[in-house]
Amino acid sequence: MTVAVIGGGAAGLVAAIYASKNNKVILIEKNEQCAKKILVTGNGKCNYWNTDQNISHYHSRNMDLIESLNTENNRQEILSFFEKIGIVPLIKNGYYYPYSGTATSIKTALMLEVKKQNIEIKNNYFVKDIKKENDQFIISDGNEIISVDKVILATGSLAYYKDDSANIGYNIAKKFGHEIVKILPSLVQLQGNEKYFKDWMGIRCNSIVNLYQDNDYIKSEEGEILLTDYGISGICVFNISGIAARLLDDGHDVFVNINFVPWYKGNNFVNWLDERSTYIGERKLDEFLEGFLNYKLAHVILKVSNIDKNKSWNELSLSEKNMLANNFINFSLKITGTNSFDKAQVCSGGVNTLEINKDTMESLIVPGLYFAGEIIDVDGDCGGYNLGFAFLSGMTAGINVGDLRD
Ligand SMILES: Cc1cc2nc3c(=O)[nH]c(=O)nc-3n(C[C@H](O)[C@H](O)[C@H](O)COP(=O)(O)OP(=O)(O)OC[C@H]3O[C@@H](n4cnc5c(N)ncnc54)[C@H](O)[C@@H]3O)c2cc1C
């Protein structure tokens, strides 16, 4: 049986390797080489897995598919696969990287295995259309026709690309009758529309970001936040961005309340500041705040609180103290949008998981058509979860595409 894997990314490469155990496999990639995106992952170091594979790190309109893939057996299989093809893991806080310190090692190991399994690679072949005729899939780039028994569609998402050529994969799935859950950027920066952004631009600080839909609390993340001229960035922001994007798209008001003093675990910050003032309470406020707040950020918060930076803490009224303390812990920022797809690490949305057999990755609409990777409506948090899903889904599609029990 001949299987075509469309897309030579993380999911497609793993799918092709597993499918090659029982089948002739043709790996079709529009670029001049495969695995280009893998090279930019994890800042060039490729965070390819996480010890904590809890499904709470994944997002989908329906979680059954990821739940079904994320078994102990499948996780062990992925880890032993990477060891077998030569990757020694370096595990930092649960994040897996190749010990070599470079994403190139993952790409090279996968490509050498592709070669070892005699998988035929067709680079520079941009699939424009796939039809099914008499149990055969007819693949076309507008010039050359490739005819195969089965297809694994692993064309990825719109994330990171400046053009929308990755749309073709979604369009093919749509043409075969699949619903595409609306594609939105995820793991992406959040935008606001505030004059003070120019003043806080460039500040990095630890914080807790709390996401709100209208007045309802949704989710918190803690970590380093980067304050920018368009809004906020950083891993903790990325991890709430997918939900924020979907809420905005649904027409909700979205707010992020930022806690700039995450180290304070008490419940009365005014008291804490009062105690601090016993020795240095005569200082001007911007000097008083130095030591736990970046001075540029202190200026922004004083300005937003409408409090004169030349006053001292001891000169403030109780309501001014309360307002200031509240703005350190609950700095409210209205979110107006996200940065565009090319700035996003992944997309949320994609092929509806309810239309995919969760044990095999085969389409429930078109027999012989399989899906793997980010084209599917599953996205994960930062931390190796997206490559993790690409590998789990790719492996499952690859194993099952050639299952002669079909
Ligand atoms: C900057 C950045 C950093 C990231 N860091 C991490 C990280 O550290 N850890 C992590 O887990 N995830 C990370 N990700 C996310 C991760 O890279 C993706 O989730 C993963 O690569 C998805 O794999 P995929 O195979 O589904 O898609 P892709 O890797 O995008 O592969 C799809 C392939 O299909 C090809 N293709 C598309 N359409 C066609 C067509 N019509 N014809 C032929 N070929 C086609 C594309 O050229 C591409 O090679 C990062 C992403 C970015 C952008």
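Residues numbered from 1 in each chain as written. Predicted model: local features only at pLDDT ≥ 70, side-chain atom pairs only at ≥ 80, totals over all residues.

Caption draft 1: Focus on the site of the ligand. The full set close to the ligand counts 38 residues, and Gly7, Gly9, Gly42, Gly156 and Gly373 are the nearest of them. Taken together, the elements giving at least two residues each to the shell around the ligand come down to helix H1 (10–19), helix H5 (167–175) and helix H12 (385–401). Sort the elements by how many residues they give to the shell around the ligand and H12 lands first, with five residues. In terms of residue class, the shell around the ligand is built from 17 nonpolar, 16 polar and five charged. (Near = placed C-beta within 6 Å. Helix = DSSP H or I, 4+ residues; strand = E, 2+ residues; numbered from the N terminus. Nonpolar A, V, L, I, M, F, W, Y, C, P; charged D, E, K, R; others polar.)

Caption draft 2: Just the packing of H1 against helix H4 (residues 104–116), in detail. As a packed pair, H1 and H4 sit with axes 10 Å apart at the nearest point and diverge in direction by 30°. On the basis of the axis angle, H1 is roughly parallel to H4. Between H1 and H4 lies a crossing whose hand is left-handed. Where H1 abuts H4, its residues Leu13, Ala16 and Ile17 lie against Leu110, Glu113 and Val114. Per-class residue counts for the contact of H1 with H4 are five nonpolar, no polar and one charged. (Axes fitted to C-alpha atoms, helices over the stretch in contact; angles between N-to-C directions. Parallel < 35°, antiparallel > 145°, perpendicular 65-115°, else oblique. Left-handed = near helix turned anticlockwise from the far one by under 90°. Contact = placed C-beta atoms within 7 Å.)

Caption draft 3: Seen up close, the sheet that holds strand S6 (residues 95–98). Spatially, three strands are ordered S3-S6-S5 in an open sheet, and the strand pairing comes out antiparallel. Since the sheet does not close on itself, it has two edges, and those belong to strand S3 (49–50) and strand S5 (89–92), each with one partner. (Pairing = 2+ DSSP bridges.)

Caption draft 4: Broad picture of unusual backbone geometry. At Ala35, a residue that is not glycine, the phi angle is positive and equals roughly 60°. Topologically, Ala35 is positioned in the loop between strand S2 (24–28) and S3.

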